[in-house]
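Chain residues, written in single-letter form:
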Amino acid sequence: MTNSEIITLEVTDPAAAERFYADAFGLTTQLRFRASDAPSTGFRGFTLSLTVPQPADVDSLIGTALEAGATTIKPATKSMWGYGGTVRAPDGTIWKLATSAKKNTGPATRKIDAVVLLLGVADVTASKKFYVDRGLAVGKSFGKMYVEFEAGSSPVKLALYRRKALAKDAGVPPEGTGSHRIAVGGATEPFTDPDGFAWETTAAASLS
C-alpha cells in the first residue's frame, strides 16, 4: 500500500464539481470526481483541509470559494493555533482553510502548502494500528485524539481525528448517515477501513 494519492469525491454533477474546485482553490490534480446518488445525510465523517502560509491566503481562498458557490460554516478567525475557517462546497464536502501563522508577511500568494484528508474515526488507536499494519508510517501522534501519517511524495496527507472532535472543529453536528461520498486512491488492493472509508488502487481511482 502507498499513501493517499488521489481523492475521489462522489458527487451528483462531476463536471460542475471539477469547475468549482478549479475556480475556488485551483485544485486540478489532487481530486477526481464520479457521479453518485448514494444517500448521505449530515456529517459525512471527514473533512479536507488546505494549509497555507498566512492569513491573507486563507481569506483569498475562502473568498474565491464563496464566489464559486460554497457556503460559510465557520468564518475565518484567529485562534490559539493560528487562523482559519471552514466552508461547504456545493457537493457537500467540508473544507477547512488554515494557517499556523497569525500575521501576514506579504500579499496573498494563494500558495497551498498541503492538502490534508482528515478522517473522523470512532477509535483513533485502533484505526492507527489498522493503517500502520497496511504500511503507513506515523508522522505525528497525539494519544487517542489525533494521528498524522507521513505523506512522502503523495499530494494528499492522511490524518485521523476523533469523529466528534472533527465535527466540532469543522463547525457541524457529528451525526450523519449513509455514504461517506469519498474514496481514497493509493491502495495496492482495495479495502475498507474500520469506519467504512473505502480505498481503491490508484489506477482504478484515476479511471473514475
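*Asks:* Would you explain the side chain of Thr 99 in this entry?
*Replies:* Mapped onto the elements of the fold, Thr 99 is located in strand β7 (residues 94–99). For Thr 99, a relative accessible area of 6% corresponds to the buried category. Contacts of Thr 99, omitting those with residues within four sequence positions, involve Val 52, Pro 53, Gln 54, Pro 55, Val 58, Trp 81, Gly 82 and Tyr 83.

*Asks:* Where do I start with the sheet that holds strand β10 (residues 146–149) in this structure?
*Replies:* Hydrogen bonding along the main chain pairs the strands of a sheet, whether they run parallel or antiparallel. Ordered in space as β5-β6-β7-β4-β8-β11-β10-β9, the 8 strands form an open sheet in which the pairing is mixed. The open sheet has two edge strands, β5 (71–79) and β9 (138–142), and neither has a second partner. Along the sheet, successive strands turn relative to each other by an average axial angle of 20°, direction set aside. Looking at chain direction, β10 and strand β11 (residues 156–162) are connected through 3 bridges and run antiparallel. Its bridge partner being in β11, Val 147 is matched across the sheet by Leu 160. Helix α2 (residues 55–68) contacts β5, β6 (82–88) and β7 of the sheet and is inclined by roughly 10° relative to β6. Together, β8 (114–121), β9, β10 and β11 form the strand contacts of helix α3 (residues 124–133), whose direction differs from that of β11 by roughly 150°.

*Asks:* Could you clarify how one ought to interpret the sheet that holds strand β1 (residues 6–11) in this entry?
*Replies:* Within the open sheet, the 5 strands sit side by side as β2-β1-β13-β15-β14. Their pairing is mixed. Across the chains shown, the open sheet's two edge strands, defined by having one partner strand only, are β2 (31–35) and β14 (191–192). Note that β14 and strand β15 (residues 198–200) share 2 bridges and pair antiparallel. Of the residues in β15, the one forming a bridge with Thr 192 is Ala 198. Contacts from helix α1 (residues 14–25) reach β1 and β2 within the one sheet, and its direction differs from that of β2 by about 155°.

*Asks:* Explain unusual backbone geometry to me, please; I cannot follow it from the model alone.
*Replies:* For residues besides glycine, phi is generally negative; the peptide bonds are generally trans as well. The residue Arg 110 is not glycine, and still its phi comes out positive at about 60°. Locating Arg 110 in the fold gives a position in the loop between β7 and β8. By relative accessible area, which is 29% here, Arg 110 ends up partly exposed. Residues other than glycine seldom take positive phi values, yet Arg 181 does so here, at roughly 60°.

Calculation notes
Residues numbered from 1 in each chain as written. Predicted model: local features only at pLDDT ≥ 70, side-chain atom pairs only at ≥ 80, totals over all residues. Heavy atoms only, no water. Helix = DSSP H or I, 4+ residues; strand = E, 2+ residues; numbered from the N terminus. Buried < 20%, exposed > 50% of the residue type's maximum accessible area, 1.4 Å probe, protein only. Contact = heavy atoms within 4.5 Å. Pairing = 2+ DSSP bridges. Axes fitted to C-alpha atoms, helices over the stretch in contact; angles between N-to-C directions.

Read these as spatial facts, not as claims about activity.
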